[in-house]
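Geometric and topological summary
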Amino acid sequence: MRRTRAVETVVDPSAVLPALPLLARGAHRDPTTGACLMEYTALLAGEPFGDHPSCTHPALAQLARQVNDRVGDDVRPSLVTRAPALASVGPDHPDVVGAVASAVIMAHYQRAPDSLLLHRRMRVAATLRDQPATGGWARRRDLVRLANLTGACLDAVERRLPSPARRDRALVGVLDRALARLSGELRPAPPLGSVGAAFVDLRPVPGGPYPWG
């Protein structure tokens, strides 16, 4: 018998996937100028280029877009590891609005528990989570309310975390917590570039009127 020597092949990802762009802030006209996380997810799922792909629930997509635009340039490329999970949470997936609302309010409480607006935002989050809208108009209204809640909560997190590394970790942790809840398991997230391993904060919110854990 003839023995064949194994040959190790080194693959250059840029040569294999030339069409996948680098992540950048904001929306883009085409992939040659870059892509946000949701535009990247659309390409990965084989959909037309755009930041509102049909493969991802719009409530989760708006959180992903906000995280993409807020994190630092050195961390943003690592967000591509979340694209397959984002593509798997479709518009018919149950509990997405509630999962996103819980994730953003948890981050707000843990970083800014003394905020004067926290309990008002908790009530909004509880309504979005516990009273899911029925009908097209009501669902669109709740998506707007959730986007506003997300922006307010992430603003509070950023103000309390002046360190870029801690801020990026917290922001990506919000997205990871929502994805982990929707997958049915809370677990550590994939590596987060230069700031180290991201994590899902499992600490419950004490003293609040609503169970967010």
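Just so we're clear, the structure is a prediction, and the values are computed from it rather than from any experiment. (Residues numbered from 1 in each chain as written. Predicted model: local features only at pLDDT ≥ 70, side-chain atom pairs only at ≥ 80, totals over all residues. Heavy atoms only, no water.)

Points about the pattern of salt bridges
To keep it simple, the criterion reads: A pair is scored as a salt bridge if a Lys or Arg side-chain nitrogen falls within 4 Å of a carboxyl oxygen belonging to Asp or Glu. Partly exposed describes any residue whose relative accessible area lies between the buried limit of under 20% and the exposed limit of over 50%, with all areas from a 1.4 Å probe on protein chains only and scaled to the type maximum.
Scanning the entire structure with this criterion turns up nine salt bridges. Among the ionic pairs, D142 bridges to R141, the shortest N-O distance being 3.1 Å. Overall, D142 belongs to the buried group, its relative accessible area being 5%. Overall, R141 belongs to the partly exposed group, its relative accessible area being 35%. Shared partners join several salt bridges into a network, and the residues in it are R25, D73 and R76.

Structural notes on the environment of V172
Where we set the bar: Where helices and strands are cited, they refer to DSSP runs of H or I of at least four residues and of E of at least two residues respectively, numbered from the N terminus.
Here V172 lies in helix α8 (residues 164-183). What makes V172 buried here is its relative accessible area of 0%.

Examining the environment of L182
Cut-off, in case you're wondering: Contacts: residue pairs with any heavy atoms within 4.5 Å of one another.
With respect to the element layout, L182 can be found in helix α8. As for L182 and V100, which are separated by 82 residues in sequence, their C-alpha atoms are 9.2 Å apart. Once residues lying within four places of it in the same chain are set aside, the contact partners of L182 are L60, V89, H93, P94, D95, V96 and A99.

With respect to the packing of helix α7 (residues 136-160) against α8
This is how the line gets drawn: In this analysis an axis means a line fitted to C-alpha atoms, helices contributing only their contacting stretch, and an angle means the value between N-to-C directions, from 0 to 180 degrees. Here is the rule for angles: anything less than 35 degrees is roughly parallel, anything more than 145 is roughly antiparallel, 65 through 115 is roughly perpendicular, and the remaining ranges are oblique. In this scheme the crossing of two helices becomes right-handed for a clockwise turn of the near helix relative to the far one and left-handed for an anticlockwise turn of less than a right angle. Classification used: nonpolar for Ala, Val, Leu, Ile, Met, Phe, Trp, Tyr, Cys and Pro, charged for Asp, Glu, Lys and Arg, polar for all others including Gly.
Between α7 and α8, whose axes approach to 9 Å, the crossing angle comes to 155 degrees. Comparing their axes, α8 and α7 come out roughly antiparallel. For the crossing formed where α7 meets α8, the hand is right-handed. Where α7 abuts α8, its residues L154, V157 and E158 lie against R167, A170, L171 and V174. Here the residues of the contact of α7 with α8 sort into five nonpolar, no polar and two charged.

A short note on the confidence of the model for the chain
Stated formally: What pLDDT expresses is the predictor's confidence in each residue, scored from 0 to 100.
The predicted model of the chain has a mean per-residue pLDDT of 81, with 77% of residues at 70 or higher. Predicted confidence in the chain is weakest over helix α1 (residues 13-16), with a mean pLDDT of 36, and strongest over helix α3 (residues 58-70), with 97. With pLDDT under 50 throughout, residues 1-17 is counted as low confidence; its partners more than four residues away or in other chains account for one contact. Below a pLDDT of 50 lies the segment residues 185-209, which in the model reaches 56 contacts outside its immediate sequence neighbourhood of four places, other chains included.

Structural notes on α8
Formally: Expected span of a helix: the number of residues minus one, times 1.5 Å.
Compared with the 28 Å implied by 1.5 Å per residue over 20 residues, the 28 Å span of α8 between its first and last C-alpha is a close match. G184 sits one or two positions beyond α8 and adopts a positive phi of about 90 degrees.

Here we look at unusual backbone geometry
You will see that D95, though not glycine, has its phi angle at about 70 degrees, which is positive. Following the sequence through the fold, D95 ends up in the loop between α4 (83-88) and α5 (96-111). Judged by relative accessible area, D95 falls into the exposed class, the value being 63%.

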